[in-house]
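Summary of structural features
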Amino acid sequence: MYIVVDERQSVADQYVAGFGAEGASARFVTADSMRIWLGSAARRDVEAIEGFLIGDCSDRASCTVAIRALTQAPIIALNETRSLEQTLALFTAGIDDVVRKPVHVREIIARASAIRRRMNRGVETAPAPDREGRLKVFADGRDPEIDGESLILPRRERHILEYLARNRGRQITKGQIFTAVYGDLDTDCEESVVEGHISKLRKKLRMRLGYDPIEAKRMAGYTFVG
């Protein structure tokens, strides 16, 4: 899930819709409401955030400090004008990348993915082949591949698989999955919804692979074991 921070709801709504079109959930917040939420958010909600897109808000530096106090998720700032001084100030404040409008959401997702790869350099991370090299999960919206052939998945199932693969070897709760896929931080996790999607996803993977790369533990969550 991505968080779009902006004081102009009409602008933020366009980006939220753009993320949705690319198969990624997103939510709009103002700078003030983001600080309030970050101060009271459950850990699973914070961990489900894949990146922050900061547009027009009064103090982007303090916004960045509030984010960095709780998460290392990529922070990308939008600049309306070309200004070296402003760009350097944003990098100094701790923002990971600065892009000038207009910019396509697909580029923002790619930049956030690149930032996460740099952060995890030297650590085995997804997308990666499974233990037998047959399953490949991508982070750019493409369907996964098994033995070199695409496995066509509904958007929700594909996003769940991408999220689990990106957190390979780590146990993920249903609540984290629900927040990452649906981007709803204010609604209690609908466990039946998550279970339904994962049940269908695991069945498809088992049919093509002959084994299940997703380990399930009752009352605990799911782990992509590959």
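Data block above holds the structure.
Because the structure is predicted, anything quoted here is derived from the model rather than measured.

Looking now at the layout of surface pockets. Volume-wise, the second largest pocket comes out at about 250 Å³. Ile 109, Ser 113, Ala 139, Asp 140 and Gly 141 are, among the 19 residues lining the second largest pocket, the residues nearest its centre. Counting residues per element, the ones that place at least two in the lining of the second largest pocket are helix H6 (105-119) and helix H7 (155-166). The leading source of residues in the lining of the second largest pocket is H6, at six residues.

Tallying each qualifying case throughout the model produces 14 salt bridges. Across the pair Arg 8 and Asp 56 runs a salt bridge, and its minimum N-O distance is 3.8 Å. Of this pair, Arg 8 sits in the loop between strand E1 (2-5) and helix H1 (9-21) while Asp 56 is found in the loop between strand E3 (51-54) and helix H4 (60-68), placing the two residues 48 residues apart along the sequence. The class for Arg 8 is partly exposed, based on a relative accessible area of 26%. Arg 106 is paired through a salt bridge with Glu 22; the nearest N and O atoms lie 3.3 Å apart. Residue Arg 106 is located in helix H6, and its partner Glu 22 is located in the loop between H1 and strand E2 (26-29); the two are separated by 84 residues in the primary sequence. With a relative accessible area of 52%, Arg 106 lands in the exposed category.

About the thresholds
Residues numbered from 1 in each chain as written. Predicted model: local features only at pLDDT ≥ 70, side-chain atom pairs only at ≥ 80, totals over all residues. Heavy atoms only, no water. 1 Å grid on protein atoms, 1.4 Å probe; cavity = no way out; pocket = protein on both sides within 12 Å on 5 of 7 lines; lining within 4 Å. Points joined across faces, edges and corners; volume = space filled by probe spheres on them. Helix = DSSP H or I, 4+ residues; strand = E, 2+ residues; numbered from the N terminus. Salt bridge = Lys/Arg side-chain N within 4 Å of Asp/Glu carboxyl O. Buried < 20%, exposed > 50% of the residue type's maximum accessible area, 1.4 Å probe, protein only.

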